[in-house]
Amino acid sequence: MCGLEGKFKEQKYKYESQLGKMAANMTAVTNVIEDHTNLLTTLREDIDNLVERLDKKSSTPAPTDHYVCPANWLKYNATCIYFGSDQITWTEAKFHCQMYGAHLLVVDSEELNTFLKIRLRAVDGNNHYVGGIDFGRHNWIWDYTNREFDYTDWRSSQPSGGRSEHCMVICSGSSCQWNDVDCYSQYKYICQKDVVLG
Ligand SMILES: [Ca+2]
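Keep in mind the model is a prediction, meaning the values are calculated, not measured. (Residues numbered from 1 in each chain as written. Predicted model: local features only at pLDDT ≥ 70, side-chain atom pairs only at ≥ 80, totals over all residues.)

**Student:** Sorry, what's going on with the overall build of the protein chain here?
**Tutor:** Looking only at helices and strands, one finds 3 helices and 10 strands in the protein chain. Projected onto its principal axes, the C-alpha coordinates of the protein chain cover approximately 130 × 40 × 30 Å. A buried classification covers 20% of the 198 residues belonging to the protein chain. Looking at the protein chain alone, contacts between residues at least 24 apart form 64% of all its contacts between residues at least 6 apart. (Helix = DSSP H or I, 4+ residues; strand = E, 2+ residues; numbered from the N terminus. Buried ≥ 20, exposed ≤ 12 C-beta atoms within 10 Å, placed from the backbone. Contact = placed C-beta atoms within 7 Å.)

Quick look at the structure:
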């Protein structure tokens, strides 16, 4: 009887020990599953982010290389620029640009101003009307956007203001900077319009 009891206890201990090991294994497996679940969640988030970025990329406009300007117009970023060579008043210049489906140029960045300086010095010369006006109130705005100037490149002592100088030209003098002028003076002019899909 004692022998049987001993064997039984021995067997019971063996089973308990095996059960303990199995429980430990189960915990390890559960931990591994949990790790993989976390990894999957992270991967899924990464994929979602990538898909979102791809969607955004495909909805952004095509590079401006795909756009064209009419003959005799110069492409600058997403706009076309026209250098009018006849010498007319500011109001006439505005009207000419409108007839071309355009507006007098808005020089709203140093980048554009530098681009124009290079072009004007090389080809078209000084003094071109653009779309800046001050209506006699000495706060300059762009006629097309009605926005005040963020960027300026006035010659020294300009704008000189006064009763009559309410329009502006760019590339004035040897420094090729801005000057306010009488709107009835006659100058060349620069028009601008959006590029069209080619
Ligand atoms: Ca002036």
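**Student:** What is the right way to read the pairing of strand β5 (residues 128-133) from this model?
**Tutor:** Along a regular strand, successive side chains alternate from one face of the sheet to the other. Summarising burial for β5: 5 of the 6 residues are buried, a large majority. Relative to strand β7 (residues 167-172), β5 runs antiparallel, the two being bridged by 3 bridges. Each residue of the ladder has a partner; that of H128, found in β7, is I170. Of the pairings in the sheet, the one linking β5 to strand β9 (residues 187-194) comprises 2 bridges and is parallel in character. Along β9, the bridge assignment pairs Y129 with Y189. (Pairing = 2+ DSSP bridges.)

**Student:** Hey, could you run me through the environment of S157 in this one?
**Tutor:** Of note, S157 is situated in the loop between β6 (141-142) and β7. When the 7 C-beta atoms within 10 Å are taken as the criterion, S157 is described as exposed. Remark: the alpha-carbon pair of S157 and G132, spanning 25 residues in sequence, is separated by 17 Å.

**Student:** Before we go on, may I ask you to explain the nonpolar core in this structure?
**Tutor:** As a rule of thumb, nonpolar side chains are buried together in soluble globular proteins. Core analysis: the biggest nonpolar cluster contains 25 residues, and L104, Y129, V130 and C191 have the highest contact counts within it. Elements supplying a minimum of two residues to this core: β3 (79-88), α2 (90-99), β5, β7, β8 (177-181) and β9. The greatest single-element share of this core, amounting to 5 residues, is contributed by β7. Those residues within four positions of V130 in sequence are excluded, and the remaining contacts are L104, L105, V107, M168, I170 and I190. (Core = buried A, V, L, I, M, F, W, Y, C linked by C-beta atoms within 7 Å.)

**Student:** What's the story with unusual backbone geometry in this structure? I'm lost.
**Tutor:** In this chain, Q158 is followed by P159 through a cis amide linkage whose omega measures 0°. Relative to the elements of secondary structure, P159 occurs in the loop between β6 and β7.

**Student:** How should I be thinking about the domain arrangement of the protein chain in this particular structure?
**Tutor:** Quoted interface sizes are often the accessible area lost when the parts come together. Assigned domains of the protein chain: these are domain 1 (1-60) and domain 2 (64-197). The straight-line distance from the C-alpha centre of domain 1 to that of domain 2 is 71 Å. (Domains from an automatic or database assignment.)

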